[in-house]
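Chain residues, written in single-letter form:
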Number of protein chains: 2
Amino acid sequence: MSGNEQPVIILVHPQMGENIGMCARAMLNCGLTQLRLVAPRDGWPQESAKATAADADVVIENAEVFETLDDAIADCQRVFATTARDRAGGTPVATVDTAAAEIASHSGSRIGILFGPEASGLDRESISRADLLVRFTTNPDFPSLNLAQAVLLFGWEWKKQLAGDEGVEHAPPATRAEIANFLARLESQLEVTGFFLTEEMKPHSVRQLRSIFARALPNDQEVKLLHGVLSALAKSQTKD
Amino acid sequence: MSGNEQPVIILVHPQMGENIGMCARAMLNCGLTQLRLVAPRDGWPQESAKATAADADVVIENAEVFETLDDAIADCQRVFATTARDRAGGTPVATVDTAAAEIASHSGSRIGILFGPEASGLDRESISRADLLVRFTTNPDFPSLNLAQAVLLFGWEWKKQLAGDEGVEHAPPATRAEIANFLARLESQLEVTGFFLTEEMKPHSVRQLRSIFARALPNDQEVKLLHGVLSALAKSQTKD
């Protein structure tokens, strides 16, 4: 693994410190050490997290905290969302094993794996940041995993991949910050044109657009091109 | 699976009711329902087990209790012992995946899977009942799984044997004709704006744009949205 990026475990709005600690333990069991927390409900640091982390406190101590999900994924080139929801729009869905294989074949890219809050899972807003949805193939009559167990199963499948092949080489995609920047520009230009007919419709359209570009995994040069397109179109004055 | 035997999860001298409940939950997550307890430390039944089992109380209610391990495995045809210990005598050792494949290939046999007490794991006495040792390939520097997590990983691998991996699932994307139609419109609008600085550069930029949208695999609705974006931007008149 030397020189390769580990996937980053990103807990979005985690609720209980105990669960964060158990996630850290499950991570280290599988050799994962990079933990990010988006706006943990009870603040940070938390003693309860250290208690349940057992000897995985190194993961807890190095955990990074972010105010928003966009900040947490800004330096990621790919984003996977774990979810029990049905397919959201056009984002492809994979089993955990397939997702782990996908990570192994993208060594060199920083990949963030999103896990939602204990009670509710990831909301649609968060999911729309992902280029791949990860589904746990548990018992359909009793599917609900607790947070640490979901993290464990992901880490387990990831670790199994390490022993295996080195995979296909992909051009490194742009970071999410660069894509977010493009999307913000697109959104503000669309705002000016009255594209968003109602305020109610806007979040849905924005999510759809975000998802399309998230899945495309454009590289730096392509993001630059997309900016160029936007500039050009903004200048156009059609007469119809 | 109808007609086939499920493996039986056998907790040997489990200590805390909470952990028994979490094992039950992990079992049912993976479709496992047969739980046996050998001389649980705090007796049986236990309210704390029901509490952590979430809605897996059916597993708890049907759990069978035995005084000795020999009683618990009496009707089993094979016995696997999960352990972090090094090989004991001549008993073969397998990874969890291999053990799960072994179970799948012995459908019809009743197989008991032994898990030791939380603090110590299985002792040599218990291990000597096994015809196969099952080892979890966790991080060698931090190998220790809690009981429910070990049960979960076993169940997970067992469940995977039941059904093949489905791979990545995509929502049906729009046809390439629809995407080509959108791209043609984009290209002609860009043409008007002077986006393509030279005729030589144009094919390269067009290829790049085509590739971005090809990879995004937009569905019909998303292509419609992209058309809307194009219309909106074409009407925009920026003053810069």
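Here the structure is a predicted model, which is why all the values come from computation and not from measurement.

1. Quick notes on the sheet that holds strand E1 (residues 8-12) of chain B
Residues and elements named next belong to chain B.
Then comes step 1: Here seven strands make up an open sheet; going across it, the order is E3-E2-E1-E6-E4-E7-E5 and the pairing parallel. The open sheet has two edge strands with one neighbour each: strand E3 (64-66) and strand E5 (93-95). Sheet twist, expressed as the average angle between the axes of neighbouring strands with direction ignored, equals 30°.
Then comes step 2: Note: E1 against strand E6 (residues 111-115), four bridges, orientation parallel. Bridge pairing in E6 links Ile10 to Leu114.
Then comes step 3: Where helix H5 (residues 96-104) meets the sheet, it contacts strand E4 (78-82), E5, E6 and strand E7 (132-135), and its direction lies at approximately 100° from that of E5.

2. A closer look at the packing of H5(B) against helix H7 (residues 147-162) of chain B
Residue and element names in this part refer to chain B.
Then comes step 1: Put simply, H5 and H7 touch, their axes get as near as 8 Å, and they point 50° apart. The pairing of H5 with H7 is recorded here as oblique in orientation. Considering only the axes of H5 and H7, their crossing is right-handed. Facing Val96, Asp97, Ala100, Ala101, Ile103 and Ala104 of H5, the residues of H7 in contact are Leu153, Phe154, Glu157, Trp158 and Gln161.
Then comes step 2: Of the residues in the contact of H5 with H7, the class split is eight nonpolar, one polar and two charged.

3. A short note on the domain arrangement of chain A
A common way to report how large an interface is uses the accessible area buried once the components associate.
Residue and element names in this part refer to chain A.
Then comes step 1: Along its sequence, chain A is carved into domain 1 (8-164) and domain 2 (176-239).
Then comes step 2: In this structure, domain 1 and domain 2 have C-alpha centres spaced 28 Å apart.
Then comes step 3: Each partner contributes to the interface: domain 1 provides 15 residues, whereas domain 2 provides nine residues.
Then comes step 4: When domain 1 packs against domain 2, close to 1,000 Å² is buried across both sides, 50% of that on carbon and sulfur atoms.
Then comes step 5: Taken as a group, Glu125, Ser128 and Asp131 account for 36% of the area that domain 1 buries against domain 2, more than any other trio of residues on that side.
Then comes step 6: Inspection of the region where domain 1 meets domain 2 yields three salt bridges.
Then comes step 7: A salt bridge links Glu125 to Arg210, with the shortest nitrogen-to-oxygen separation between them at 3.8 Å.
Then comes step 8: For the pair domain 1 and domain 2, the interface holds eight residue pairs in polar contact (both at pLDDT 80 or more).
Then comes step 9: Along the lines of polarity and charge, the residues of the side of domain 1 that touches domain 2 split into six nonpolar, four polar and five charged.

How each quantity is defined
- Residues numbered from 1 in each chain as written.
- Chains lettered and ligands numbered in written order.
- Predicted model: local features only at pLDDT ≥ 70, side-chain atom pairs only at ≥ 80, totals over all residues.
- Heavy atoms only, no water.
- Pairing = 2+ DSSP bridges.
- Helix = DSSP H or I, 4+ residues; strand = E, 2+ residues; numbered from the N terminus.
- Axes fitted to C-alpha atoms, helices over the stretch in contact; angles between N-to-C directions.
- Contact = heavy atoms within 4.5 Å.
- Parallel < 35°, antiparallel > 145°, perpendicular 65-115°, else oblique.
- Left-handed = near helix turned anticlockwise from the far one by under 90°.
- Nonpolar A, V, L, I, M, F, W, Y, C, P; charged D, E, K, R; others polar.
- Domains from an automatic or database assignment.
- Buried area = accessible area lost by both parts, 1.4 Å probe.
- Salt bridge = Lys/Arg side-chain N within 4 Å of Asp/Glu carboxyl O.
- Polar contact = N/O pair within 3.5 Å; in protein donor to acceptor, adjacent residues only side chain to side chain.

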